[in-house]
Each structure stands twice: as C-alpha cells, then as structure tokens.
Amino acid sequence: MINSFLIPKPPLFSFQECLWFLDRGYGDCLFRVKNRQVLKAILVEGSPVVFAVHEYENNLKVNVLEGNCSKNGEAFIWQYLTEWFDLGKDLSPFYNLLNQDLRVAYMVENFNGLRLMGIEDLFEALCWSIIGQQINLNFAYKLKRKLVEAYGTKVFYEDEIFYLFPEPAVISRISIPDLKAMQFSESKATYILEVARAFVENRLSKEILTALPGFEIRQKALIAIKGVGVWTANYVLMKTLRDASSIPFGDVGLLKALVSHQIINERKEVEKISAFFSNYKGWESYLVFYLWRSLSTPVFQAK
DNA sequence: AACCAGGCTGCGC
DNA sequence: GCGCAGCATGGT
C-alpha cells in the first residue's frame, strides 16, 4: 500500500498561486485548503481515497490519508493531479504573448505559475456550469453544496467529512420538487436531470465527448443538450477537456475584466474581443482564466 | 428597492 | 440568422 509519493514540479509552476485560486473564498465543498495543502476525496479504482498535497522541495508531495492505494492507484492519483493542476503544460509561450501587451503583461509576474485549474469529472463540470448560469458565484457555490451534501458519497477522515460529487444515476433519480426545495429553479432542475439521464443512458461521457473530432463538433454535441448554451459548452470544454482555444463567450466576469483592462469599452464590442483573442491562438482559455484571476485583485474589481 | 449575477430558451422578425 | 423578453432566486 502506498502512503505517500512525490510528483516533480514543472518549471513556471506555483503551487501557492494554484492554492490561492482554489481557496479564493467561496468554500468549495469538493476539496479543502488548509496549512498550505489541498485535501480532496476522489474515486481510485472504484473506492474512495482522501489525499493531501503539499509542496516538498522541488516536488508536490501526496499523502494518502484515507482508503487503500495500490501502485496503480498511485499512478491514477498522479495522473489526476497532473490534469487537475495542468502540470504538463509549458507556460513560456503564453507568457511571451502576455509580455507583448502592456495591458496584461503584469500578469506574468503577479500570477506567475498559476495553472488553469480543471474539473476532471465531466458530469460534475456540466452540473456546476448549469448551476452557475445567471446567478452570482456565492449562491452558485451554495447550491452546489446543498446538492453534494444531500446526494454525494461521504468519506470520513479524522473528524472531517469529504464528499464525492454525486453519480449521474443518483442525481437522475432526484425529483424536480426536491431540487426546487434546495433552491434550484425549475429550469436548472430540469437541465441537470436531463444531463444526468444522458450519462445514465450512456449518450454522453468524457470518453464519448473526447472521441469526437474537433472543437466545434464537441461544442455542438454539448449544445444539443437542453440547458447547455455556448457559454456552458465552452466552459466545460475549457475546464474538463482542456480545449486551449475555448472562450466562454458572454461570460460576465470575462467581460468585466476586459472592460477593466481597457481592452473594450462596452460589453457588446464583440469584434474587439475576438480581435484581442486572435493574438492568443492556442492560449485563449488560459487568457480567460488569468482574466478571471484578475477579478480578485482589488485594482481590477471596478466595473 | 432596483439592479445584477461565471445564461438559456423560445419567440418574432 | 438576430434581437429580445421572460425566467428564478439571492446578493448588494
């Protein structure tokens, strides 16, 4: 059984910047940040494992806190963390691009080593982005917490409870009134049940979506689901499939950041936005993520 | 108390 | 194809 192992840190990687993002004050119910570590429960070879990650010299050190972890399990967690923290990416081309534009060049220093934090589970990502539609993030995190605490699998470690995001089969059996009782709007409830059904009936999965050729076809497949529009589809493609060119168009946070960086003057200036992003081919999603990050720095909070 | 929030659907043109 | 109202619900 594996108790701990090391993952070497790549260049231009800041664990603290990533932790800062994870812990930016919304109280996500699917992991915990404390003492410069992140603690999370995931399914490893079919059974729940709680692990903690912290920096150790030039590595990330993973401690398995709860559950059994074989050598294969270690490889699985390694892969999971590599994807979650996007450890395989070389950020230097992105930083070269940022440095060419004085409006955003400061990010290279201020957010140095920040990785685009993913959502590895496609079902979770879809539910989360539907929950987040048109409501403020505080409320969105509250809704997610209610759903997860009511229907997610609990994993106990010491005196704490860790949650796994509920399986599609579990969510597909929730009634609309039950979701409404948790303050889901009727449409959000309908959309989430439909997504759950698509997974249960094997019409949709990360494998199926990944196997589709090209960004636009994947986007179309997602938008075919009722309740999924361009914003949701692109958000999911960015966070789960890591499509580098994905931009969640229309996102209010993105628009706010573009205005505060004086890249656009008004939110409707669509051509200006695509002109701006055309300088960042292959790094659009990273640019979006860094612009979102900027919203948490006092200077750029003004609208 | 109006206006906004990490949008989407359905309708009319 | 494009624009716009209507939608629910909580936060400021």
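Criteria and thresholds
- Residues numbered from 1 in each chain as written.
- Chains lettered and ligands numbered in written order.
- Predicted model: local features only at pLDDT ≥ 70, side-chain atom pairs only at ≥ 80, totals over all residues.
- Heavy atoms only, no water.
- Domains from an automatic or database assignment.
- Contact = heavy atoms within 4.5 Å.
- Buried area = accessible area lost by both parts, 1.4 Å probe.
- Salt bridge = Lys/Arg side-chain N within 4 Å of Asp/Glu carboxyl O.
- Core = buried A, V, L, I, M, F, W, Y, C linked by side-chain atoms within 4.5 Å.
- Buried < 20%, exposed > 50% of the residue type's maximum accessible area, 1.4 Å probe, protein only.
- Near = heavy atom within 4 Å.
- Polar contact = N/O pair within 3.5 Å; in protein donor to acceptor, adjacent residues only side chain to side chain.
- Helix = DSSP H or I, 4+ residues; strand = E, 2+ residues; numbered from the N terminus.
- Nonpolar A, V, L, I, M, F, W, Y, C, P; charged D, E, K, R; others polar.
- Pairing = 2+ DSSP bridges.
- Axes fitted to C-alpha atoms, helices over the stretch in contact; angles between N-to-C directions.
- Phe/Tyr/Trp six-rings, centres within 6.5 Å; stacked < 30°, edge-to-face > 60°.
- Lys NZ or Arg CZ within 6 Å of the ring centre and 35° of its normal.
- Parallel < 35°, antiparallel > 145°, perpendicular 65-115°, else oblique.
- Left-handed = near helix turned anticlockwise from the far one by under 90°.

Where interface size is quoted, it is often the accessible area lost as the parts come together. Segmenting chain A into domains produces domain 1 (4-88) and domain 2 (122-239). Inter-centroid distance (C-alpha atoms) of domain 1 to domain 2 is 22 Å. Taken together, the contact pairs 19 residues of domain 1 with 19 residues of domain 2. Between domain 1 and domain 2, the buried area comes to about 1800 Å², and carbon and sulfur atoms account for 62% of it. When the buried surface of domain 1 facing domain 2 is broken down by residue, Tyr-26, Cys-29 and Leu-30 rank first, second and third, together holding 36% of it. Our count for the contact surface shared by domain 1 and domain 2 stands at three salt bridges. Note that Lys-34 is salt-bridged to Glu-160, the shortest N-O span being 2.8 Å.

Counting residues in hydrophobic clusters, the biggest one holds 99 residues, and the most contacted among them are Ile-77, Leu-81, Phe-85, Leu-98 and Tyr-290. The residue makeup of this core includes at least three contributed by each of domain 1 (4-88) and domain 2 (122-239). Among residues more than four places away in sequence, those in contact with Leu-81 are Ile-7, Phe-51, Val-53, Val-62, Asp-86 and Leu-87. Within the second largest apolar cluster, eight residues are counted, among which are Ala-41, Val-50, Val-155 and Phe-162.

Inspection of the region around DNA strand B gives 23 residues, with Gln-134, Leu-137, Gly-227, Thr-232 and Trp-292 positioned closest. A distance of 2.8 Å is found between a phosphate oxygen of DNA strand B and a backbone nitrogen or oxygen belonging to Gly-229. One of the backbone nitrogen or oxygen atoms of Val-252 is found 3.4 Å away from a phosphate oxygen of DNA strand B. Take the surface near DNA strand B: its biggest share by element is four residues, from helix H12 (residues 230-239). Tallied by class, residues from the surface near DNA strand B come to 10 nonpolar, eight polar and five charged.

Right, let's talk about the sheet that holds strand E1 (residues 4-8) for a bit. Strand order across the open sheet formed by five strands is E1-E5-E4-E3-E2, with antiparallel pairing between neighbours. Strand pairing shows two members of the sheet lacking a second neighbour, E1 and strand E2 (32-34), which therefore form its edges. Shown here is a sheet whose adjacent strand axes are inclined to one another by a mean of 30 degrees, direction ignored. Here E1 runs beside strand E5 (residues 59-66); their pairing, made up of five bridges, is antiparallel.

Within the structure shown, the criterion is met by 25 aromatic pairs. Note on Trp-84 and Phe-85: the rings are 5.0 Å apart at their centroids and 65 degrees apart in plane angle, and the pair reads as edge-to-face. The same class applies to Trp-84 as to Phe-85, namely buried. An aromatic cluster is built from Phe-13, Phe-15, Phe-31, Phe-51, Tyr-80, Trp-84 and Phe-85, whose rings are joined through pairwise contacts. Between the NZ or CZ atom of Arg-24 and the centre of the ring of Phe-21, over which it lies, the distance is 4.1 Å. Just above the ring of Trp-20 sits the side chain of Arg-293; from NZ or CZ to the centre is 3.6 Å.

Relative orientation of the contacting elements helix H5 (residues 122-131) and helix H6 (residues 137-151) amounts to 135 degrees, with a least axis distance of 9 Å. Comparing their axes, H6 and H5 come out oblique. The handedness of the crossing between H5 and H6 comes out as right-handed. Of the residues in H6, those in contact with Glu-124, Trp-128 and Ile-131 of H5 are Leu-137, Ala-140, Tyr-141, Leu-143, Lys-144 and Leu-147. When its residues are assigned to classes, the contact of H5 with H6 shows seven nonpolar, no polar and two charged.

Another point: the pairing of strand E7 (residues 160-164). With four of five residues buried, E7 lies mostly within the body of the structure. As defined by bridge partners, strand E6 (residues 153-157) adjoins E7 across five bridges and the pair is classed as antiparallel. When the sheet's bridge partners are listed, Phe-156 is paired in E7 with Ile-161. Between the antiparallel neighbours E6 and E7 lie two residues, among them Glu-158 with a positive phi of about 50 degrees.

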